[in-house]
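# Results of the structural survey
The lines below spell out each chain.
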Amino acid sequence: MISLSPNDGGPMEFCLCPACEAADAQGAGVPRVQVPISAPSAGEAPFALPATYREISPGIYEHVSFSDRVMKFYAAIAAQAKVSAPGILFGGIAYSLYRSPPVATPVPENLLVGYVGFNYLDAGYLETSRREWQEWQALVSPIELDPGIVTRKLCIRSNLLSGGWGMPVAYTRQLGEDIARWRQNRLGFFDCCYQNWATDGLNYYVLARLLWNPDLSVEEIVAQYCSRGFGPAAREIRAYFDLVESVTDRVSGLARDRGLDPYRVLSSRLLELEGYSPEILSRMHRHLVAARRLAAADRRLLARINFLAVGWQYARRRCLALAAEKAYFDHPHPETLAAFSAEIEAVRRFHQAVGVRSWAINVPYQVVKLFTRRGPTYPARYAWGDAGEE
């Protein structure tokens, strides 16, 4: 198979010329997307947007989905190859601003579509993904994988494991529902494991077990994870994960109600500012303390519980830092600035203590994701890692 896909979803800006605009489907039934477009930087030539772009907020424009435009590109190459290289199968992703099914452009029979959707931090996005998955099923051609095994040329290619960018999240029940959807296609892959094992490890485990045997029940898998991994502390660890899953579900519902997409859920700090309240964090901590007590002197079990506790500590530090950030930006003042600076320094020390080689939290990735909003107290160089590493 040869990929025709743009790199990692492609750019968020598409060509503005009349010929490319004409390749888009038009009409009331065509899905709309939101396109971020920055004003020209100093020294760049100014440009005028076509009338098809409607500004809905500063720098954000509504436009019809680019799915038909991208599918015409896929189809043009696939049609030529069908003559010159029959038997070649091409791959093309449905992603970003061209994730929804095309409205007026047929899917070529020699194209396998990788659908990049599904996320468990936004119930609205999840509902849309589930609907679009079924719509794509009706558009793609069948393929015989082995004698007598026929499926559709559609595979799941999801980023759902990005989860909460290092915050504790659990979506095992929702994942189980979707595995049942995807299994009929027998094709798929997930991008990627972000190595946050203390906060996302249960999701990684459930996914791996269901991919190996989709007939297993999620309840059975989670129960075994807790009992085999934590022995007499299993009940408290299960209560800890159930609490995390309830927070994940609540934040997902808030995102749907507020019309946020999965990326704005994270950038809006919804998990930190409204999901993990001090009361929720305190309940999580009580479950971990009780689990340690039940583990008694079993060093192996205590090590596993302490590993989970790194994720709780990270969540607490991150919630405190982002609450202080919000307080400062809402009310700039020397006192809020000092509190903000102190919390940022505490996060920096936490990252150094955990180290860049930890399997609990992917420290380098979290440094990049957490410190994307630059304020007056963010250091120009953020040091992290073991002694001597920058």
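Here is a short report on the structure shown in this document. (Residues numbered from 1 in each chain as written. Predicted model: local features only at pLDDT ≥ 70, side-chain atom pairs only at ≥ 80, totals over all residues. Heavy atoms only, no water.)

### Overview of the overall build of the chain
Quick note on the threshold: By definition, any uninterrupted DSSP run of H or I lasting at least four residues is a helix, any uninterrupted run of E lasting at least two residues is a strand, and each is numbered from the N terminus. C-alpha atoms define the radius of gyration in this analysis, and the globule rule sets the expected value at 2.2 Å times the number of residues to the power 0.38. For every residue, the accessible area obtained with a 1.4 Å probe (protein chains only) is divided by the maximum for its type, and the residue is called buried under 20%, exposed over 50%, and partly exposed between those limits. The contact criterion used throughout is that any non-hydrogen atoms of two residues lie within 4.5 Å. Note on areas: Shrake-Rupley with a 1.4 Å probe; residue coverage comes only from the protein chains shown. We treat Lys and Arg as the positive residues and Asp and Glu as the negative residues; His and chain ends play no part in the count. One atom stands in for each charge, and that atom is NZ of Lys, CZ of Arg, CG of Asp or CD of Glu.
Within the chain, the regular secondary structure consists of 13 helices and 10 strands. Since a compact globule built from 390 residues should have a radius of gyration of about 21 Å, the 24 Å found for the chain is in line with a globular shape. For the chain, with 390 residues in total, the buried portion stands at 48%. Of the contacts made within the chain by residues no fewer than 6 positions apart, 71% connect residues no fewer than 24 positions apart. Of the accessible surface of the chain, which amounts to about 18,800 Å², a share of 57% is contributed by carbon and sulfur atoms. Averaging the locations of the 42 positively and 40 negatively charged side chains of the chain gives two centres separated by 5 Å.

### Here's the deal with the sheet that holds strand E6 (residues 111-115)
For the record, the criterion: Note: two strands are recorded as paired if DSSP finds a minimum of 2 bridges between them.
Taken in spatial order, the 5 strands make up an open sheet running E1-E5-E6-E9-E10, and their pairing is parallel. Edge positions in the open sheet fall to strand E1 (2-3) and strand E10 (188-190), since each of these has one partner strand only. Pairing of E1 with strand E5 (residues 90-94), which is carried by 2 bridges, proceeds in the parallel orientation. Within E5, the residue paired with Ser3 across the bridge is Gly91.

### Points about a nonpolar patch on the surface
We apply this condition: Exposure above 30% relative accessible area and the lack of any salt bridge qualify a residue for a patch; like charges then connect within 9 Å, and the nonpolar side chains Val, Leu, Ile, Met, Phe, Trp and Tyr within 5 Å. The salt bridge definition used is simple: a Lys or Arg side-chain nitrogen within 4 Å of an Asp or Glu carboxyl oxygen.
The grouping of Trp197, Phe307 and Trp359 at the surface amounts to a nonpolar patch, some 320 Å² of accessible area in total. Tracing the backbone shows Trp359 in the loop between helix H12 (334-354) and helix H13 (363-370). Of the residues examined, Trp359 reaches a relative accessible area of 53% and is grouped as exposed.

### Points about unusual backbone geometry
Unlike most non-glycine residues, Phe118 shows phi in positive territory, near 75°. By secondary structure assignment, the location of Phe118 is in the loop between E6 and helix H3 (123-137). For Phe118, a relative accessible area of 2% corresponds to the buried category. Positive phi values are uncommon outside glycine, yet Trp165 reaches one of about 55°. Turning to its location among the elements, Trp165 is positioned in the loop between strand E9 (154-158) and helix H4 (172-182). According to the relative accessible area criterion, Trp165 is buried, its value standing at 15%.

### Focus: the packing of helix H7 (residues 234-258) against helix H11 (residues 299-330)
The relative placement of two packed helices comes down to the angle between their axes together with the axis-to-axis distance. Selection criterion: Axes here mean lines fitted to C-alpha atoms, for a helix over just the part in contact, with angles spanning 0 to 180 degrees between N-to-C directions. Small angles under 35 degrees read as roughly parallel and large ones over 145 as roughly antiparallel, with 65 to 115 read as roughly perpendicular and the rest as oblique. Left-handed describes a crossing in which the near helix is turned anticlockwise from the far one by less than a right angle; the clockwise case is right-handed. By the convention adopted, Pro, Cys, Tyr, Trp, Phe, Met, Ile, Leu, Val and Ala count as nonpolar, Lys, Arg, Asp and Glu as charged, and the other residues, Gly among them, as polar.
Viewed as axis vectors pointing N to C, H7 and H11 meet at an angle of 20°, and their least axial separation amounts to 13 Å. Taken together, H7 and H11 sit at an angle that is classed as roughly parallel. In this structure, H7 crosses over H11, and the sense of that crossing is left-handed. Facing H7, whose interface residues are Ile237, Tyr240 and Phe241, H11 presents Ile305, Leu308 and Trp312. In the contact of H7 with H11, the residues fall into 6 nonpolar, no polar and no charged.

### Here's the deal with the side chain of Asn110
For clarity, the cut-off: Definition of a polar contact: a pair of N or O atoms within 3.5 Å, with one able to donate and the other able to accept a hydrogen when the atoms are protein atoms, and with sequence-neighbouring residues admitted only if both atoms are side-chain atoms.
In this fold, Asn110 is placed in the loop between E5 and E6. Here Asn110 falls in the buried class, since its relative accessible area comes to 11%. At 3.0 Å, the side chain of Asn110 and the backbone oxygen of Ala78 are in polar contact. Here Asn110 is in contact with Ala78, Lys82, Ile88, Leu89, Phe90 and Lys153, once residues within four sequence places are set aside.

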